[in-house]
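Fold and geometry: a report
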Amino acid sequence: MNESSVLAQKLLAGKVVCKYSMPSEYEHLSTPSVYEEFNRNFIFLGVKLTETSNKSGFYLTYISNNKGAARDFFKGIMTHMRTTLSWLEIMMEATDRDSLINSGQDISFSNILASVTGNMELQERLSRLPSSKGEINVKKQLEGLIKYLKKEGVLMDLHTELEVYRFTGMIDLINEYVLFIQEAENIPLEESSEKQDRLL
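Heads up: these notes are all about the structure in this document.

Reading the values: the criteria
- Residues numbered from 1 in each chain as written.
- Predicted model: local features only at pLDDT ≥ 70, side-chain atom pairs only at ≥ 80, totals over all residues.
- Heavy atoms only, no water.
- Helix = DSSP H or I, 4+ residues; strand = E, 2+ residues; numbered from the N terminus.
- Pairing = 2+ DSSP bridges.
- Contact = heavy atoms within 4.5 Å.
- Axes fitted to C-alpha atoms, helices over the stretch in contact; angles between N-to-C directions.
- Buried < 20%, exposed > 50% of the residue type's maximum accessible area, 1.4 Å probe, protein only.
- Salt bridge = Lys/Arg side-chain N within 4 Å of Asp/Glu carboxyl O.

**Some words on unusual backbone geometry**
One non-glycine residue, Lys55, lies in the positive phi region at around 65°. For Lys55, the position within the fold is in the loop between strand E2 (47-51) and strand E3 (57-62). At Glu163, a residue that is not glycine, the phi angle is positive and equals roughly 55°. Mapped onto the elements of the fold, Glu163 is located in the loop between strand E5 (155-159) and strand E6 (164-167).

Take a look at the structure:
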């Protein structure tokens, strides 16, 4: 199987081809002729290549005449959005950010753990995440969240021995989902709070 076929499979599986986690593939898609070729092939499947708003990665979106598939995809996003907002808030507060997390941002497990350990509210939120189910130790709960985010392609290892991670282009796509839902659909996703007013 050639490089383009492997890359197409990743995109069709819902991956974000990010300049941080997949630098060679990102560079390949950044070539105009390659980008155009992929779109010519994808159009028959009702999808097209799209770039994240901050130009950090490529992913697939449904074209306008494939509304049924797009609706199913949107329902899938909504199913997981409450959990997504929960861990996103935890990460924002643990890193003391007043703005959305972007791709390329690095986090240290020890710093996040220290922030969560010193904040009872963050501990309670972390314990309610699906990734913490059945675990009462805060460190183990955070390890479970990091493992989940790596599995979902949101985080990548940067310095394994130091437990430092980097957010990939997937976080930019999540940010776009959040903004789209709030601005275009005006769907309430969580109980209102001052922190979420800034997030959404």
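**What about the sheet that holds strand E1 (residues 17-18)?**
Read from one edge of the open sheet, three strands run E1-E3-E2, paired in antiparallel fashion. Across the chains shown, the open sheet's two edge strands, defined by having one partner strand only, are E1 and E2. Of the strand pairs in this sheet, E1 and E3 are connected by two bridges, and their pairing is antiparallel. By the bridge assignment, Cys18 is partnered in E3 with Gly57. Along the sheet, helix H1 (residues 3-12) contacts E1, E2 and E3; its crossing angle with E3, the most-contacted strand, is approximately 60°.

**What about the environment of Val164?**
Assignment of secondary structure puts Val164 in strand E6. With a relative accessible area of 15%, Val164 lands in the buried category. Taking the C-alpha atoms as reference, Val164 lies 5.7 Å from Ile107; in sequence the two are 57 residues apart.

**Observations concerning the pattern of salt bridges**
All chains considered together, the criterion is met by nine salt bridges. Across the salt bridge formed by Arg125 and Glu121, the nearest N and O atoms sit 2.6 Å from each other. Placement of the pair is Arg125 and Glu121 together in helix H6 (residues 120-128), with a separation of four residues, close to one helical turn. What emerges from the salt-bridge pattern is a single network uniting Glu89, Glu93, Glu121 and Arg125.

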